[in-house]
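# Report on the structure
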Amino acid sequence: MVSREITPGIFWVGAIDWDRRLFDELIPLPNGTSYNAYLIKGSEKTALIDTVDPTKEYELISNLVRLRVERIDYVIVNHAEQDHSGSLPMILEFYPDAVIVTNEKCRDLLVGLLHLPPERFRVIGDRETLSLGDRTLEFLMTPWTHWPETQLTFLQEERILFPCDLFGSHIATSDLFMNDERAIYIPAKRYYAEIMMPFRTSIRGYLEKVRALDAAMIAPSHGPVYRDPAFILDAYADWTSDAVKNEVVIPYISMHGSTLKMVEYLTDALLARGITVKPFNLSKTDVGELAMALVDAATVVIATPTVLFGPHPQVVYATYLANLLKPKFRFASVIGSYGWGGKAADTLVKMLDHVKAEVLEPVIVRGLPDETAMRGLDRLAEDIFKKHKEINIV
Ligand code: FEO
């Protein structure tokens, strides 16, 4: 992919990973991704903002060579994770005068992770500026917009914000700019759910700081550049708010059909009460779809059969992930079946210790659900309906 000019003197010089289908060996990437790096030419100095995943470092170097960039004075590092920092060793070798500009925490991480020489760093603090001559970079410290060292860089004259991961989307596209809101909303939401949701409260706190910049563009390090920042800022305001929707997410596994029958019955009982239901068969769904549903839902009902003495391992995996993502759902319950015993419900409820949800009485039955089981599911549907009503979402 060739470099492209965002605005005179400012270039996208990153790489598009069309084929990548898994991130961190965990997160499905149905649409690939990109690693965006940006070159800013000032009248006196040249800065590179972030680098690319090391698997694509040759593309970054080719872009710089084709632009005839003979000298880079500063490499701004907004985040130490290797999909943005992994090409730093090559850049430092290729441009021996380049100085890495970042905060102290990020410097320490980069020295530890990539064994970069400390003397190649210049440490900056919150709201500090760096002159490139006719252009000025301002740095905003925003820890926990993924990692503890994350920061944003703002180009004052053109009012372009470079937030690295924040506001990004995992999508490989030849569109440099976001041109179609409908096409980017889902990848951006999926990215928020998978990467940013655990930091919801911190991010919400930074949104006003970002809005106050009145950025003309937001240029993240994954996905397209926003020429209408309000689109992504409004979406983040919604996703990070405490507001939940009249929705129930049901992640489930069924081995012999009993749990599935319960899921189907509960789904109908909730639909009949005007509640949106999103069931996810964990043997088929990808965790990104589930994570996205967890952004808005008021309630999660986990449905599991019993394997030996506890929940099905795939349900344990999904519950563990959901707990890590810290979604904002308010109510939780467990339904499922067993053969000869077990404590599936207790085990799953204890796993949700990062989520501040009220637990509604589980419905656990032996074997095929009978009339008593159905009455239990009707009671659970009614409990959920009443709780949703109490918080004014029905
Ligand atoms: Fe795109 Fe936290 O790395």
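Residues numbered from 1 in each chain as written. Predicted model: local features only at pLDDT ≥ 70, side-chain atom pairs only at ≥ 80, totals over all residues. Heavy atoms only, no water.

### A word on the side chain of Asp 73
Heads up, the condition is: Secondary structure counts use DSSP, requiring at least four H or I residues in a row for a helix and at least two E residues in a row for a strand, with both numbered from the N terminus. Exposure classes here rest on a 1.4 Å probe applied to the protein chains alone. A residue is buried below 20% of its type maximum, exposed above 50%, and partly exposed in between. What qualifies as a polar contact is a pair of N or O atoms within 3.5 Å, subject to a donor-acceptor requirement within protein and to the restriction that residues adjacent in sequence count only when both atoms come from side chains.
With respect to the helices, strands and loops of the structure, Asp 73 is situated in the loop between helix 1 (57-66) and strand 9 (74-76). By relative accessible area, Asp 73 is classed as buried at 6%. A distance of 2.5 Å separates the side chain of Asp 73 from the side chain of Arg 71, its partner in a polar contact.

### Some words on the sheet that holds strand 13 (residues 136-141)
The test is simple: Two strands pair under a simple rule: DSSP has to find at least two bridges between them. Contacts were defined at the residue level, with two residues in contact if any of their heavy atoms lie within 4.5 Å. Here the axes come from fitting lines to C-alpha atoms, over the contacting stretch only for helices, and the angles between their N-to-C directions go from 0 to 180 degrees.
Taken together, 5 strands build an open sheet; the order of strands is 12-13-14-15-16 and the sheet is mixed. A single partner strand is all that each edge strand has here, and the edge strands are strand 12 (129-131) and strand 16 (217-218). In this structure, strand 13 lies alongside strand 14 (residues 151-155), joined through 5 bridges in antiparallel fashion. Bridged to Glu 138 within strand 14 is Phe 154. Across the sheet, helix 6 (residues 200-213) touches strand 13, strand 14 and strand 15 (160-162), and the angle it forms with strand 13 is around 165 degrees.

### A few points about the layout of surface pockets
What counts, and what does not: Cavities and pockets are defined on a 1 Å grid built over the protein atoms alone: a cavity is a set of grid points where a 1.4 Å probe fits but cannot escape, while a pocket is an open set with protein on both sides within 12 Å along at least five of seven lines, and lining residues are those with an atom within 4 Å of any such point. Grid points are joined across faces, edges and corners, and a volume is the space filled by probe spheres set on the points. Asp, Glu, Lys and Arg are counted as charged, while Ala, Val, Leu, Ile, Met, Phe, Trp, Tyr, Cys and Pro are counted as nonpolar; the rest, among them Gly, fall into the polar class. In this entry, domain limits derive from an automatic or database-based domain assignment.
Roughly 340 Å³ of volume is contained in the largest pocket. As for the largest pocket, its lining consists of 18 residues, of which Leu 26, Ile 27, Glu 194, Leu 321 and Leu 325 are closest to the centre. Counting only elements with at least two residues in the lining of the largest pocket, the list comes to helix 5 (181-196), helix 9 (287-294) and helix 10 (313-325). Of the residues in the lining of the largest pocket, the class split is 14 nonpolar, 2 polar and 2 charged. Residues from two domains meet in the lining of the largest pocket; each of domain 1 (4-240) and domain 2 (248-385) gives at least three. As a volume, the second largest pocket reaches approximately 260 Å³. In terms of lining, the second largest pocket is formed by 15 residues, of which the most central are Arg 200, Thr 201, Lys 326, Pro 327 and His 354. Along the lines of polarity and charge, the residues of the lining of the second largest pocket split into 6 nonpolar, 3 polar and 6 charged. Looking at which domains feed residues into the lining of the second largest pocket, each of domain 1 (4-240) and domain 2 (248-385) supplies at least three.

### Here we look at the packing of aromatic side chains
How we decide: Only Phe, Tyr and Trp rings take part, Trp by its six-membered ring, and two of them pair if their centres are within 6.5 Å. Stacked means planes under 30 degrees apart, edge-to-face means over 60, and tilted covers everything else. Lysine and arginine charges are scored as sitting over a ring when NZ or CZ, respectively, is within 6 Å of the ring centre and within 35 degrees of the ring normal.
Per the stated rule, a full pass over the model turns up 11 aromatic pairs. Plain terms: the ring middles of Phe 94 and Tyr 95 are 5.5 Å apart, the flat faces sit at 65 degrees to each other, and that makes the pair edge-to-face. Pairing Phe 309 with Trp 340 gives two aromatic rings, centres 5.5 Å apart and planes at 80 degrees, and the pair type is edge-to-face. Here Phe 309, found in the loop between strand 19 (297-307) and strand 20 (310-311), pairs with Trp 340, found in the loop between strand 21 (331-338) and helix 11 (344-351); they are 31 residues apart in sequence, far enough to count as distant. On the accessibility criterion, Trp 340 (57% relative accessible area) is exposed. Over the face of the ring belonging to Trp 12 we find Arg 4, whose NZ or CZ atom lies 4.8 Å from the ring centre. A cation over an aromatic ring shows up here: Arg 227 above the ring of Phe 177, its NZ or CZ 3.9 Å from the ring centre.

### A word on the pattern of salt bridges
Stated formally: Salt bridges, as used here, are contacts in which a Lys or Arg side-chain nitrogen is within 4 Å of a carboxyl oxygen on Asp or Glu.
All chains considered together, the criterion is met by 26 salt bridges. Here Glu 158 makes a salt bridge to Arg 135, at a shortest N to O gap of 2.6 Å. Here Arg 135 lies in the loop between strand 12 and strand 13 and Glu 158 lies in the loop between strand 14 and strand 15, a separation of 23 residues in the sequence. For Glu 158, a relative accessible area of 24% gives the class partly exposed.

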